[in-house]
2 protein chains.
Amino acid sequence: MATGHQGPRIALDAMGGDVGPATMVAGAAIARKRNSGIRFVLFGDEAQVRAEVARHPVLADSEIVHTEDVITGDDKPSQAIRRAKTSSMGRAVLAVKDGLADAALSAGNTGALMAIAKLNLRTMHGIDRPALAALMPTLGDNDVVMLDLGANTECDARNLAEFAVMGAAYARAAMGLSCPRVRLLNIGTEELKGTGEVKDAAALLRTQTSGEWRFDGFIEADRLGRGEVDVVVTDGFSGNIALKSIEGTARFITDLLKRAFSSSLRSKAGFLLSRPAFTLLRGHLDPNNHNGAVFLGLNGLVIKSHGSADATGTANAIDVAVRIVSEDITRRITEDLDRFRTHAELPEAAA
Amino acid sequence: MATGHQGPRIALDAMGGDVGPATMVAGAAIARKRNSGIRFVLFGDEAQVRAEVARHPVLADSEIVHTEDVITGDDKPSQAIRRAKTSSMGRAVLAVKDGLADAALSAGNTGALMAIAKLNLRTMHGIDRPALAALMPTLGDNDVVMLDLGANTECDARNLAEFAVMGAAYARAAMGLSCPRVRLLNIGTEELKGTGEVKDAAALLRTQTSGEWRFDGFIEADRLGRGEVDVVVTDGFSGNIALKSIEGTARFITDLLKRAFSSSLRSKAGFLLSRPAFTLLRGHLDPNNHNGAVFLGLNGLVIKSHGSADATGTANAIDVAVRIVSEDITRRITEDLDRFRTHAELPEAAA
């Protein structure tokens with residue numbers, strides 16, 4: 001893997017996100033130091049990108065492709081699609097389509113990235129919709145894969161069942177699990193709970209008999225972090241709400257603690273003594289340590305880095321890209337879906 | 001209010017929840033000590049309830065009504081409905097229907113309580129569905145009212161708009177706000193984001209011109225605790241997921257902190273010094289301090305106490321009941337809905 005020319009080629013949107021080229025390029029440098037086999041193609045304003053690359057000699061062999069246009073957080077997906085050929089985000093995705101890179105990574109507008117990726121890479125054979133999957137921290141030994149995190153606002157039972165198969169394949173590839181435990185997010189664990197879509201998806205998934213993964217029924221949102229499950233499946237609306245509720249609560253508690261510890265001298269002394277504990281806590285909760293959401297179900301790999309990720313977070317997202325490139329996830333998902341459809345008699349999507 | 005016979009009469013399901021009569025009766029005693037005007041009717045196993053009441057002389061004038069049957073967490077709503085006349089939960093609700101109590105309170109099965117309450121009290125004129133509303137802590141000065149928290153899995157735009165009006169009336173009554181700020185929970189703040197139901201509900205709410213409350217658009221789940229809004233409206237599926245994600249994350253972080261602080265002697269010393277800070281944190285997050293969810297939209301008041309609430313939590317839920325009884329919330333909701341319908345041309349529910 002570390003022979004240089006055979007290693008993974010990552011197309012990086014150097015402009016997207018809140019942070020800009022300095023952070024994206026610094027992140028690439030960290031990832032490259034960890035894995036000398038990675039090669040980058042950097043898309044963005046050539047002068048800016050070149051200036052940043054000059055600060056990181058390890059990136060000297062990176063290719064830089066000048067793009068005029070940057071897709072911002074305010075651009076609608078429909079606007080972004082029209083600017084695929086001129087924007088840094090669009091060109092990074094097209095590099096994957098054209099076989100010039102093994103994966104594209106952007107910290108920009110999620111909806112725009114999804115739209116450009118879906119239109120240009122197309123969904124895999126038999127997949128109706130791609131899903132956005134990410135790893136979340138738990139109290140157990142493993143992270144948990146959660147999908148969909150906002151790519152699809154409304155999903156039917158068939159979409160959810162496909163997400164389950166894709167999420168299981170991702171868990172096997174990214175976490176090295178032999179038989180991931182898969183659950184559907186619901187508002188109770190009894191069979192009669194939930195929306196029609198969730199109940200129908202559960203009925204489909206119960207027919208699954210592959211040894212590659214296991215459907216374990218429903219999970220409620222307060223159990224997501226307990227390490228009892230490897231893959232959590234939900235529609236993009238609920239997934240976004242769960243993810244943002246978790247992020248918001250973690251920040252809420254951090255703010256409360258800050259306020260509490262600044263309230264008395266005794267607390268301040270306590271805080272200083274407890275610093276190792278808080279470092280551990282922050283390390284576990286820091287979104288940078290869990291950065292890198294993956295669009296599953298496309299003919300090509302596209303990774304979304306968090307819009308406010310720092311250089312370390314960016315490097316972690318690049319690591320995710322490298323791992324799934326080397327694990328050949330697209331082929332795995334295709335095989336798992338074929339097996340599942342045979343058992344579940346799941347109809348293929350209309351082309 | 002403290003003259004005895006004129007005070008609020010609370011029908012208490014003394015058996016429901018995970019905790020049983022000892023906690024429910026102890027909670028009633030705490031509430032009674034705070035407000036000598038409250039009178040209780042306690043429904044449950046007479047011997048057990050009488051033994052508990054004997055330990056709290058302040059409750060000596062409470063009425064005890066013997067019931068044979070207890071509705072458990074495993075009972076389906078359809079089974080619970082058939083046992084309304086024999087169970088402690090059912091009899092507490094019927095006491096409200098029959099004018100023997102001003103509000104009923106139970107810590108038992110939420111779905112069962114909702115079903116019994118809806119069938120026996122019926123929804124208010126023009127209301128299609130009741131909603132479960134609760135107060136949640138924020139970093140601001142006020143709590144936030146959130147509804148629906150699980151009573152209605154699937155909601156249309158009209159349901160959501162009605163929840164907004166009911167939630168605003170509740171915020172005015174429970175928090176004394178003159179013009180609560182109301183938002184719809186969504187996965188983005190732009191107009192084009194979200195499900196069809198959410199977008200249609202926003203369109204309806206934008207027509208609102210009453211000075212009693214104000215519709216401020218969408219809110220994302222990571223902003224719920226920031227104190228920027230007084231009422232958050234959502235369907236019961238998303239509401240349950242948001243609430244449980246928040247609860248689960250708070251517990252997750254508490255567990256992480258425990259683990260971190262038990263990892264070294266230095267951390268332990270830090271923890272002891274920081275105890276006041278943690279007490280503040282726990283006080284802010286403890287669900288017992290925010291106990292008491294209210295079913296809005298029924299012809300009669302029913303309060304849900306958390307199944308695992310302690311005596312203090314139970315007393316807090318009783319306080320919520322007392323407050324909304326004295327604020328005449330049913331009349332307020334009726335008036336606000338009439339005004340809203342006039343402006344929004346919202347059709348009344350089919351009877």
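Being a predicted model, the structure only gives us computed values, none of them experimental. (Residues numbered from 1 in each chain as written. Chains lettered and ligands numbered in written order. Predicted model: local features only at pLDDT ≥ 70, side-chain atom pairs only at ≥ 80, totals over all residues. Heavy atoms only, no water.)

## Describing the relation of the copies chain B and chain A
Alright, step 1. Superposition of chain B onto chain A requires a rotation of 180° combined with a translation of 0.0 Å along the rotation axis, giving an RMSD of 0.0 Å. The transformation just described matches what one would write down for a two-fold rotation axis. Ranked by how close their C-alpha atoms come to the rotation axis, the residues of chain B are headed by Gly270 of chain B, at 2.2 Å.
Alright, step 2. Of the interface residues in chain B, 98% have counterparts in chain A that sit at the interface too, so the contact is made through matching surfaces. (Least-squares fit on C-alpha atoms with pLDDT ≥ 70 in both. Contact = heavy atoms within 4.5 Å.)

## Some points on the packing of helix α1 (residues 21-34) of chain B against helix α2 (residues 46-54) of chain B
Residues and elements named next belong to chain B.
Alright, step 1. With their axes 9 Å apart at the nearest point, α1 and α2 run at an angle of 40° to one another. Here α1 is positioned oblique relative to α2, judged by the angle of their axes. Between α1 and α2 lies a crossing whose hand is right-handed. Each of Pro21, Ala22 and Val25 in α1 lies in contact with α2, whose residues at this interface are Gln48, Val49, Glu52 and Val53.
Alright, step 2. Considering only residue class, the contact of α1 with α2 consists of 5 nonpolar, 1 polar and 1 charged. (Axes fitted to C-alpha atoms, helices over the stretch in contact; angles between N-to-C directions. Helix = DSSP H or I, 4+ residues; strand = E, 2+ residues; numbered from the N terminus. Parallel < 35°, antiparallel > 145°, perpendicular 65-115°, else oblique. Left-handed = near helix turned anticlockwise from the far one by under 90°. Nonpolar A, V, L, I, M, F, W, Y, C, P; charged D, E, K, R; others polar.)

## With respect to the sheet that holds strand β10 (residues 293-296) of chain B
Strand pairs in the sheet, formed through backbone hydrogen bonds, run parallel or antiparallel to each other.
Residue and element names in this part refer to chain B.
Alright, step 1. One open sheet accounts for 11 strands, arranged β3-β2-β1-β4-β11-β10-β5-β6-β9-β7-β8; its pairing is mixed. Lying at the two open borders of the sheet, with one neighbouring strand each, are β3 (63-66) and β8 (214-219). Going across the sheet, the axis of each strand differs from the next one's by a mean of 25°, ignoring polarity.
Alright, step 2. Sheet topology places strand β4 (residues 103-106) next to strand β11 (residues 301-304); 4 bridges connect them, and they run parallel. Across the sheet, Ser106 pairs through a bridge with Lys304, a residue of β11. (Pairing = 2+ DSSP bridges.)

## Comments concerning the interface of chain B and chain A
Alright, step 1. Opposite the 57 residues of chain B that make contact, chain A presents 57 residues.
Alright, step 2. Of the roughly 5,000 Å² buried between chain B and chain A, counting both surfaces, carbon and sulfur atoms make up 69%.
Alright, step 3. Among the residues of chain B in contact with chain A, Ile187, Phe237 and Phe252 of chain B are the three that bury the most area, contributing 13% of the side total.
Alright, step 4. Across the contact surface, chain B and chain A share 2 salt bridges.
Alright, step 5. Among the ionic pairs, Lys244 of chain B bridges to Glu220 of chain A, the shortest N-O distance being 2.1 Å. (Buried area = accessible area lost by both parts, 1.4 Å probe. Salt bridge = Lys/Arg side-chain N within 4 Å of Asp/Glu carboxyl O.)

## Some remarks on the pattern of salt bridges
Alright, step 1. Scanning the entire structure with this criterion turns up 36 salt bridges over all chains.
Alright, step 2. The residue Asp230 of chain A makes a salt bridge to Arg181 of chain A at a minimum N-O spacing of 3.0 Å. Of the two residues, Asp230 of chain A sits in the loop between β8 (214-219) and β9 (231-233) while Arg181 of chain A sits in strand β7 (residues 181-185), which places them 49 residues apart along the sequence.
Alright, step 3. The class for Asp230 of chain A is buried, based on a relative accessible area of 4%.
Alright, step 4. With a closest N to O distance of 2.2 Å, Asp319 of chain B and Arg34 of chain B form a salt bridge. With Asp319 of chain B in helix α11 (residues 311-326) and Arg34 of chain B in helix α1, the pair connects residues that are 285 residues apart, well separated along the chain.
Alright, step 5. Classification of Arg34 of chain B as partly exposed rests on a relative accessible area of 45%. (Buried < 20%, exposed > 50% of the residue type's maximum accessible area, 1.4 Å probe, protein only.)

## Side note on the domain arrangement of chain A
All names here are of chain A.
Alright, step 1. Domain assignment breaks chain A into domain 1 (1-121) and domain 2 (125-296 + 328-351).
Alright, step 2. Between domain 1 and domain 2, the C-alpha centre-to-centre distance is 26 Å.
Alright, step 3. Across the contact, 4 residues belong to domain 1 and 6 residues belong to domain 2.
Alright, step 4. Carbon and sulfur atoms supply 88% of the area that domain 1 and domain 2 bury against each other, a total of about 390 Å² over both sides.
Alright, step 5. For the domain 1 face of the interface with domain 2, the top three residues by lost area are Thr110, Met114 and Lys118, together amounting to 86%.
Alright, step 6. Summed over the shared surface of domain 1 and domain 2, the result is 0 salt bridges.
Alright, step 7. Linking domain 1 with domain 2 are 0 residue pairs in polar contact (both at pLDDT 80 or more).
Alright, step 8. Among the residues making up the side of domain 1 that touches domain 2, the classes are represented as 2 nonpolar, 1 polar and 1 charged. (Domains from an automatic or database assignment. Polar contact = N/O pair within 3.5 Å; in protein donor to acceptor, adjacent residues only side chain to side chain.)

## Topic: the environment of Leu257 of chain B
Alright, step 1. Here Leu257 of chain B shows up in helix α8 (residues 236-261).
Alright, step 2. For the pair formed by Leu257 of chain B and Phe271 of chain B, sequence separation is 14 residues and the distance between their alpha carbons is 9.6 Å.

## Some points on the sheet that holds β9 of chain A
Residue and element names in this part refer to chain A.
Alright, step 1. Judged by pairing direction, the sheet is mixed, and its 11 strands sit side by side in the order β3-β2-β1-β4-β11-β10-β5-β6-β9-β7-β8 without closing on themselves. Because the sheet does not close on itself, it has two edges, and the strands there are β3 (63-66) and β8. Adjacent strand axes in the sheet meet at a mean angle of 25°, parallel and antiparallel pairs treated alike.
Alright, step 2. Both strand β5 (residues 131-136) and strand β10 (residues 293-296) contribute to a ladder of 3 bridges, which runs antiparallel. Directly across from Ala133, in β10, lies its bridge partner Val294.
Alright, step 3. Across the face of the sheet, helix α11 (residues 311-326) comes into contact with β1 (9-13), β2 (39-44), β4 (103-106), β10 and β11 (301-304) while running at roughly 160° to β11.

## Looking at the pairing of β4 of chain A
All names here are of chain A.
Alright, step 1. Alternating positions in β4 separate into two faces, Ala103 and Leu105 on one and Ala104 and Ser106 on the other, with burial throughout.
Alright, step 2. Here β1 runs beside β4; their pairing, made up of 3 bridges, is parallel. Within β4, the position partnered with Ala11 by the bridge is Ala104.

## Quick notes on the side chain of Ser106 of chain A
Residues and elements named next belong to chain A.
Alright, step 1. Within the fold, Ser106 resides in strand β4.
Alright, step 2. Reaching out from Ser106, the side chain makes a polar contact with the backbone nitrogen of Gly108 at a distance of 3.0 Å.
Alright, step 3. Contact partners of Ser106, with chain neighbours within four places excluded, come to Asp13, Met89, Leu113, Ile303, Lys304 and Ser305.

## What to know about the packing of helix α6 (residues 157-175) of chain B against helix α7 (residues 196-206) of chain B
All names here are of chain B.
Alright, step 1. At a closest axis distance of 8 Å, the pairing of α6 and α7 adopts a crossing angle of 50°. On the basis of their axis angle, the class for α6 and α7 is oblique. As for the relative orientation of α6 and α7, their crossing is right-handed in sense. Contact residues: Ala157, Arg158, Leu160, Ala161 and Ala164 in α6; Glu197, Val198, Asp200, Ala201, Leu204 and Leu205 in α7.
Alright, step 2. Its residues placed into classes, the contact of α6 with α7 shows 8 nonpolar, no polar and 3 charged.

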